[in-house]
Amino acid sequence: MQGITFPGDRRAVLKDFPDPEPGPGEVVVRVRASGMCGSDLHFYRGTASFGGGADTIQGHEPCGDVHAVGPGVTADLASVGDRVMIHHYWGCDSCEQCRSGWPQMCARGSGKTLCLTAHGGHAPYLLVPARTLLPLPDSLSYKAGAAIGCGTGTAWGGIKRLGDVGGSTLVVFGQGPVGLSGTMFGAALGARVIAVDVEDSRLDRAREFGASEVINSASADLAEAMADLTGGRGAELVLETSGVAADDALSVLGKWGRACFIGLPGDVRIKTEEVYKKQWTLMTSWTMSSIEQKRCADFVVSRRLPVDELFSHSWSLDRAEEAYQWFDKQSDGKGVFEF
Ligand SMILES: [Zn+2]
Ligand SMILES: [Zn+2]
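Predicted, not measured: the structure shown is a model, and the values here were computed from it.

A. Quick look at the coordination of the zinc ion (ligand 2). Around the zinc ion (ligand 2), the protein supplies Cys37 (SG), His60 (NE2) and Cys150 (SG) as donor atoms, at distances of 2.0 to 2.2 Å. Linear spacing of the donor residues for the zinc ion (ligand 2) on their chain is C-x22-H-x89-C. Separated by 90 residues along the polypeptide, histidine 60 in the loop between helix H1 (40-45) and strand S4 (62-69) and cysteine 150 in the loop between helix H3 (142-149) and helix H4 (151-162) bring together distant segments of the chain. As far as burial versus exposure is concerned, histidine 60 and cysteine 150 are alike and both buried.

B. View of unusual backbone geometry. Here the residue pair leucine 264 and proline 265 is connected by a cis peptide bond, since its omega of 0 degrees sits within 30 degrees of zero. Along the chain, proline 265 turns up in the loop between strand S14 (253-261) and helix H9 (272-278). Phi at aspartate 9 takes a positive value of approximately 60 degrees, unusual for a residue other than glycine. Mapped onto the fold, aspartate 9 is located in the loop between strand S1 (2-5) and strand S2 (13-16).

C. Representation of the coordination of the zinc ion (ligand 1) in the model. At the metal site, the zinc ion (ligand 1) is ligated by Cys92 (SG), Cys95 (SG), Cys98 (SG) and Cys106 (SG), and these contacts range over 2.3 to 2.4 Å. Of note is the zinc ion (ligand 1), whose four donor atoms meet at the metal with angles of 103 to 118 degrees in an arrangement that counts as tetrahedral. In the primary sequence, the donor residues of the zinc ion (ligand 1) line up as C-x2-C-x2-C-x7-C.

D. Here's a closer look at the sheet that holds strand S10 (residues 169-173). Taken in spatial order, the six strands line up as S12-S11-S10-S13-S14-S15 in an open sheet, and their pairing is parallel. Single-partner strands in this sheet number two, and they are strand S12 (213-216) and strand S15 (281-284). Adjacent strand axes in the sheet meet at a mean angle of 20 degrees when their direction is disregarded. Pairing of S14 with S15 involves four bridges; the strand directions are parallel. Looking at the pairing, cysteine 260 lines up with methionine 283 of S15.

E. Region of the structure containing H4. If you check H4, its first and last C-alpha atoms are 17 Å apart, about what twelve residues at 1.5 Å a residue would give, namely 16 Å. Judged by how many residues are buried, H4 sits mostly within the fold: ten of twelve residues are covered. Three or more residues of H4 are buried, namely Gly151, Thr152, Gly153, Thr154, Ala155, Trp156, Gly157, Gly158, Ile159 and Leu162. Immediately beyond the C-terminal end of H4, within one or two residues, lies glycine 163, with a positive phi of roughly 70 degrees.

F. The nonpolar core, seen in detail. By size, the foremost hydrophobic cluster in this structure holds 41 residues, and its most contacted members are Leu162, Leu170, Phe185 and Leu239. At the level of secondary structure, the elements contributing two or more residues to this core comprise H3, H4, S10, helix H5 (177-188), strand S11 (192-197), helix H6 (200-208), strand S13 (235-240) and helix H10 (290-302). Residue contributions to this core reach at least three from each of two domains, namely domain 1 (2-150 + 288-338) and domain 2 (154-284). Grouped together as the second largest cluster of nonpolar side chains are 20 residues, Val196, Ile215, Val252 and Ala259 included.

G. Structural context of a nonpolar patch on the surface. On the surface, Val268, Ile270 and Leu282 cluster together into a nonpolar patch covering about 220 Å² of accessible area. Here valine 268 lies in the loop between S14 and H9.

H. Quick look at the domain arrangement of the protein. Here the domain parsing of the protein yields domain 1 (2-150 + 288-338) and domain 2 (154-284). For domain 1 versus domain 2, the separation of C-alpha centres amounts to 27 Å. On the side of domain 2, 17 residues touch domain 1, which itself brings 19 residues to the contact. Where domain 1 abuts domain 2, roughly 1500 Å² becomes buried across the two surfaces, and 65% of that area is made up of carbon and sulfur atoms. When residues of domain 1 are sorted by the area they lose upon contact with domain 2, Cys296, Phe299 and Leu310 head the list and together hold 31% of the total. Taken together, the connections running from domain 1 to domain 2 amount to zero salt bridges. Between the two partners, domain 1 and domain 2, sit five residue pairs in polar contact (both at pLDDT 80 or more). With five residues, the single largest contributor to the side of domain 1 that touches domain 2 is H10. When the residues that make up the side of domain 1 that touches domain 2 are grouped by side-chain class, the tally is nine nonpolar, four polar and six charged.

Rules and cut-offs
Residues numbered from 1 in each chain as written. Chains lettered and ligands numbered in written order. Predicted model: local features only at pLDDT ≥ 70, side-chain atom pairs only at ≥ 80, totals over all residues. Heavy atoms only, no water. Donors = N, O, S within 2.8 Å, 3.2 Å for Na, K, Ca; no water. Helix = DSSP H or I, 4+ residues; strand = E, 2+ residues; numbered from the N terminus. Buried < 20%, exposed > 50% of the residue type's maximum accessible area, 1.4 Å probe, protein only. Tetrahedral: all angles 85-135°; square planar, octahedral: opposite > 155°, others 65-115°. Pairing = 2+ DSSP bridges. Axes fitted to C-alpha atoms, helices over the stretch in contact; angles between N-to-C directions. Expected span 1.5 Å × (residues − 1). Core = buried A, V, L, I, M, F, W, Y, C linked by side-chain atoms within 4.5 Å. Domains from an automatic or database assignment. Patch = residues over 30% accessible without salt bridge, like charges linked within 9 Å, V, L, I, M, F, W, Y side chains within 5 Å. Areas by Shrake-Rupley, 256 points an atom, 1.4 Å probe, with all protein chains shown as cover. Salt bridge = Lys/Arg side-chain N within 4 Å of Asp/Glu carboxyl O. Contact = heavy atoms within 4.5 Å. Buried area = accessible area lost by both parts, 1.4 Å probe. Polar contact = N/O pair within 3.5 Å; in protein donor to acceptor, adjacent residues only side chain to side chain. Nonpolar A, V, L, I, M, F, W, Y, C, P; charged D, E, K, R; others polar.

In structure tokens form, the structure reads like this:
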């Protein structure tokens, strides 16, 4: 089979790999959709020191059907033909982080991450331990399951981390696929969502996903607009998804505000005195636990949320180069490879 690799310097190259065979406890998933995530761009551009390198298949938002199961995989874990999402990390499976659904934080440091330390989903077949699988609800498409596996799930994780969203004023910075998901979840949970971006087209999409108000921070004065919208009190909650607006995010946070930063690298300077006087709670959130990935999917189903509509482009594997050149511009929606 062929899979997409990133040798660096903004190149996406198809390489030949052997078809995977499942060992004990493992499954091979027939990938049906593999999402393009903003964090791919760190590796594609060659700017991240922790990229998977030229010999690792990229993609960490896969979704598909179980194709083959290895020895010891019981039917309650996986059967051929099951529609599955994948929690894209695995660890020792016995430390308290792994047991609580956070293998990306494995205390033994023995974990693996798709596209970094294990082959990812930008290929027709994917080898993973059976314990990484989560059921894909019947009413969700494969591409929705892919998005929930990282981008949309990351927004869910951030929103859950903020807590008590309903009835609050929530400002979501960045209206790319993660921010748009945050807007969608915030609105569905009963927040008044104010969406901020620098592109009017993205702000139009934010309204469609439930934003009550929008601010174009490139053409409007953010402080003035926020003062108008909140009677000078500022936001109760902020979700920063862009990775470049952390200072702006803090500038609109009101007294007793809570802010969650999920955009990387997100350089920010804080004065503890200011945090102290405003009694802020500042936090980050790292994708989501396996348990929350399942809850996210269930929430999307129960509220009939339009996750499919996050996707603006669908690609075949042989158009990888073109797909990533498009995605690198970061001015449009979300892309997915479909098989
Ligand atoms: Zn562990
Ligand atoms: Zn991701």
